[in-house]
Structure formats: C-alpha cells, structure tokens
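An overview of the molecular structure
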Amino acid sequence: MPYIKLSEQVQALSNPQRSDAFIRLFRDAVRVGAFDAADLPERFELPKQFRRRGKDETYAKTVRDMVFEPTPAFEAWFAETNAALNEGRRGARTPKPSVEAIEAGLVDFKALAEKTRRKIEASYAKGQALGNSRKKAPAKKAGRPAKKK
C-alpha cells in the first residue's frame, strides 16, 4: 500500500484556511494511536494565510512533514475531521433574534420572551435597591471639613 505525505493530505482539505487546526488534530490522533505516522526531515508551508494584529501583511507558517499509511481507519477519521473543520466556528452560533428568525422557527419565542422578562425584572430590582440604599444613607454636610494644623 502506498504511503501519503501530510503535505499532500492537507491539499485535500475542503477549507485550506483550517489547515493549522487539521495539523493539530492529526498530531493528536497520532499521539493517541488512532493511526500511525512518522516524521520526515523536510518541512512544508501551510496554505493558510496568517495576519499580524494591526498590520495588513500576511505570512505563512511551515510545519514538519509526516508520512502515513492511508488505512480505512484514517479515511474515516479524515472524512469526519474534514466535515467538522468545514462547519467552522460560525456553524455553532445560535441565530440572532429577529422577526424572520422567530417566524422561521430558528429562535424560540417563548424562551426569548422569558429571558427578556428576567432581564427587565433584574434591571428594575437593581434600580429599586439603588434608590432604597440612597434613601437610607445619611445626608452629607455641605462644604469641606476644616484642615487640622
């Protein structure tokens, strides 16, 4: 059975901007024994483009290449991992409350109404507590106290 390099497998990712996360997951899977892989002396450049904060320039990272055997266990792991990386972080977010989202059933109106009710009640109670604490506090005297000599 032919061996495949990690750099070749990274090219098969459907979302190349997630290649750094794929490399991390690949190394974790090798570490726990999901499949076998061996380090190679050469390095390769990730297809992901990184940006430094506050600057417009981009750069790429290089990682050590590895070689592995494409077993059925690896193929199943790769299909699952590639799909999970495709979902990305945006897929996990809940939809923003809007009339369209409520009408489409993406947002539970009853839960949203209960959350709003609790928020308004908490705000009201906080205002009442603040007003009551100011009512009980003794009035301050006008002017500054005399300086001690």
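First, a word on what this report is: a plain description of the structure on this page. (Residues numbered from 1 in each chain as written. Predicted model: local features only at pLDDT ≥ 70, side-chain atom pairs only at ≥ 80, totals over all residues. Heavy atoms only, no water.)

1. Section: the side chain of Ser-19
With respect to the secondary-structure elements, Ser-19 resides in helix H2 (residues 19–32). By relative accessible area, which is 0% here, Ser-19 ends up buried. There is a polar contact of 3.1 Å between the side chain of Ser-19 and the backbone oxygen of Pro-16. The residues touching Ser-19, leaving out its near neighbours within four places in the chain, are Val-10, Leu-13, Leu-46, Pro-47 and Lys-48. (Helix = DSSP H or I, 4+ residues; strand = E, 2+ residues; numbered from the N terminus. Buried < 20%, exposed > 50% of the residue type's maximum accessible area, 1.4 Å probe, protein only. Polar contact = N/O pair within 3.5 Å; in protein donor to acceptor, adjacent residues only side chain to side chain. Contact = heavy atoms within 4.5 Å.)

2. What about helix H5 (residues 109–136)?
Here H5 contains 28 residues, and its C-alpha end-to-end distance of 41 Å stays within 8% of the 40 Å for a straight helix at 1.5 Å per residue. Sitting at the head of H5, Asp-108 places a side-chain oxygen 3.4 Å from the backbone nitrogen of Lys-110. (Expected span 1.5 Å × (residues − 1).)

3. Topic: the sheet that holds strand E2 (residues 37–45)
Ordered in space as E1-E5-E2, the three strands form an open sheet in which the pairing is antiparallel. Edge positions in the sheet fall to strand E1 (4–5) and E2, since each has one partner strand and no second. Of the strand pairs in this sheet, E2 and strand E5 (residues 62–68) are connected by six bridges, and their pairing is antiparallel. Within E5, the residue paired with Arg-43 across the bridge is Arg-64. (Pairing = 2+ DSSP bridges.)

4. Let's talk about the packing of aromatic side chains
According to the stated counting rule, one finds 13 aromatic pairs in the structure shown. An angle of 80 degrees between the planes, with centres 6.3 Å apart, marks the rings of Phe-26 and Phe-74 as edge-to-face. Taken together, the positions of Phe-26 in helix H2 and Phe-74 in helix H3 (residues 72–87) put the pair 48 residues apart, joining distant regions of the chain. Arranged with centres 6.1 Å apart and planes meeting at 25 degrees, the rings of Phe-74 and Phe-78 form a pair that is stacked. With Phe-74 and Phe-78 both in helix H3 and four residues apart, this pair spans about one turn of that helix. Judged by relative accessible area, which is 0%, Phe-74 ranks as buried. Overall, the relative accessible area of 10% leaves Phe-78 in the buried class. Here the aromatic residues Phe-22, Phe-26, Phe-35, Phe-68, Phe-74, Trp-77 and Phe-78 are joined through ring pairs into a cluster of three or more. Above the ring of Tyr-59, the side-chain terminus of Arg-52 is found at 4.3 Å from the ring centroid. (Phe/Tyr/Trp six-rings, centres within 6.5 Å; stacked < 30°, edge-to-face > 60°. Lys NZ or Arg CZ within 6 Å of the ring centre and 35° of its normal.)

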